[in-house]
Amino acid sequence: MRPLSRTRSSHWNGIAMKLSKKSLTLFALIGALILGFWLSNTFSPKHDMTLYYFKAFQLAPIHREEKASTPLKAIELLCAGPTPEEQTAGIFSLLPPKIRVLQLTIENDTAITDFNPALRSVKGGSYHSKAVIAQIVYTLTQFPEIKAVQILIEGQKQETLG
């Protein structure tokens, strides 16, 4: 086996010298960002969140593990409806399909939750209206900072739904 010649060694030294300190710093920064992103997604703690849907026409707590456990995240997930796996297990929602939360604020232990007009389209009379309100109220009052819920549609208080 032949030892490396001086010219080959010089060649590699020349290439290494061409890489500037800026390039090496940039590579190190990109590597650190990729590693940080991977670690945060791999090891970030998950929080148990309860969403209230229905099973066999009874209010049923459905537990999900989420990276963020906030009242806004909970109500957004509730509006999105059950997952396909949950639906296969007989879980359903009485919330209208196009419902969206516009804003959620907490004032004096009360979650003031503003929805889009789709909330007005609740069908099924007072039973379904009460069931929809129960889904929203139970989902939000799992958070210790919320003791009551006020439901608005486009910023207006509602006497009834549907």
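Our structure's up above, just so we're on the same page.
Just so it is clear, the model here is predicted, and its values are computed rather than measured. (Residues numbered from 1 in each chain as written. Predicted model: local features only at pLDDT ≥ 70, side-chain atom pairs only at ≥ 80, totals over all residues. Heavy atoms only, no water.)

Engineer: Please give an account of the nonpolar core that cites residues and values.
Structural biologist: Generally speaking, soluble globular proteins have nonpolar side chains that are buried together. Counting 32 residues, the largest nonpolar core has Ile-75, Phe-115, Leu-119, Val-132, Ile-136 and Leu-140 as its most contacted members. Among residues more than four places away in sequence, those in contact with Ile-75 are Val-101, Leu-104, Thr-113, Phe-115, Ile-136 and Leu-140. (Core = buried A, V, L, I, M, F, W, Y, C linked by side-chain atoms within 4.5 Å. Buried < 20%, exposed > 50% of the residue type's maximum accessible area, 1.4 Å probe, protein only. Contact = heavy atoms within 4.5 Å.)

Engineer: Can you break down the pattern of salt bridges residue by residue, with the values?
Structural biologist: Counted under the stated rule, the structure contains 1 salt bridge. A salt bridge links Arg-64 to Glu-86; its shortest N-O distance comes to 2.7 Å. Note that Arg-64 is positioned in strand 2 (residues 58-66) and Glu-86 in helix 4 (residues 84-88), a separation of 22 residues in sequence. Each member of the pair, Arg-64 as well as Glu-86, carries the same accessibility label: buried. (Salt bridge = Lys/Arg side-chain N within 4 Å of Asp/Glu carboxyl O. Helix = DSSP H or I, 4+ residues; strand = E, 2+ residues; numbered from the N terminus.)

Engineer: So what's going on with the environment of Ile-146? Residues and values would help.
Structural biologist: You can see Ile-146 is positioned in the loop between helix 5 (125-140) and strand 6 (148-153). Taking the C-alpha atoms as reference, Ile-146 lies 8.9 Å from Glu-107; in sequence the two are 39 residues apart.

Engineer: Can you lay out the pairing of strand 6 for me, pointing to particular residues and giving the numbers?
Structural biologist: Of the strand pairs in this sheet, strand 5 (residues 110-115) and strand 6 are connected by 6 bridges, and their pairing is parallel. Paired with Ala-111 across the two strands is Val-149, which belongs to strand 6. For the crossover that starts at strand 5, traverses helix 5 and ends in the parallel strand 6, the hand is right-handed. By the bridge criterion, 2 bridges tie strand 6 to strand 7 (residues 156-157) in an arrangement that is antiparallel. The residue bridging Ile-153 from the neighbouring strand is Gln-156, located in strand 7. Adjacent in sequence and paired antiparallel, strand 6 and strand 7 are bridged by 2 residues, among which Glu-154 carries a positive phi angle near 50°. (Pairing = 2+ DSSP bridges. Right-handed = clockwise from strand over helix to strand, strands pointing away.)

Engineer: Quick one: what's the story with the packing of helix 3 (residues 71-80) against helix 5, residue by residue and with numbers?
Structural biologist: Their axes nearest at 9 Å, the elements helix 3 and helix 5 cross at an angle of 150°. When the axes of helix 3 and helix 5 are compared, the pair comes out roughly antiparallel. As helix 3 runs across helix 5, the sense of the crossing is right-handed. Contact with helix 3, carried on its side by Pro-71, Ala-74, Ile-75 and Leu-78, involves Gln-135, Ile-136, Thr-139 and Leu-140 of helix 5 and no other residues of that element. (Axes fitted to C-alpha atoms, helices over the stretch in contact; angles between N-to-C directions. Parallel < 35°, antiparallel > 145°, perpendicular 65-115°, else oblique. Left-handed = near helix turned anticlockwise from the far one by under 90°.)

Engineer: Provide a residue-level description of helix 5, including the pertinent values.
Structural biologist: The terminal C-alpha atoms of helix 5 lie 23 Å apart, and with 16 residues this matches the ideal 22 Å at 1.5 Å per residue to within 8%. Ser-129, Ala-131, Val-132, Ala-134, Gln-135, Ile-136, Thr-139 and Leu-140 are the residues of helix 5 that are buried. Buried positions along helix 5 lie against strand 1 (47-55), strand 2, helix 3, strand 4 (101-107), strand 5 and strand 6. (Expected span 1.5 Å × (residues − 1).)

Nothing here speaks to function; it is all geometry.
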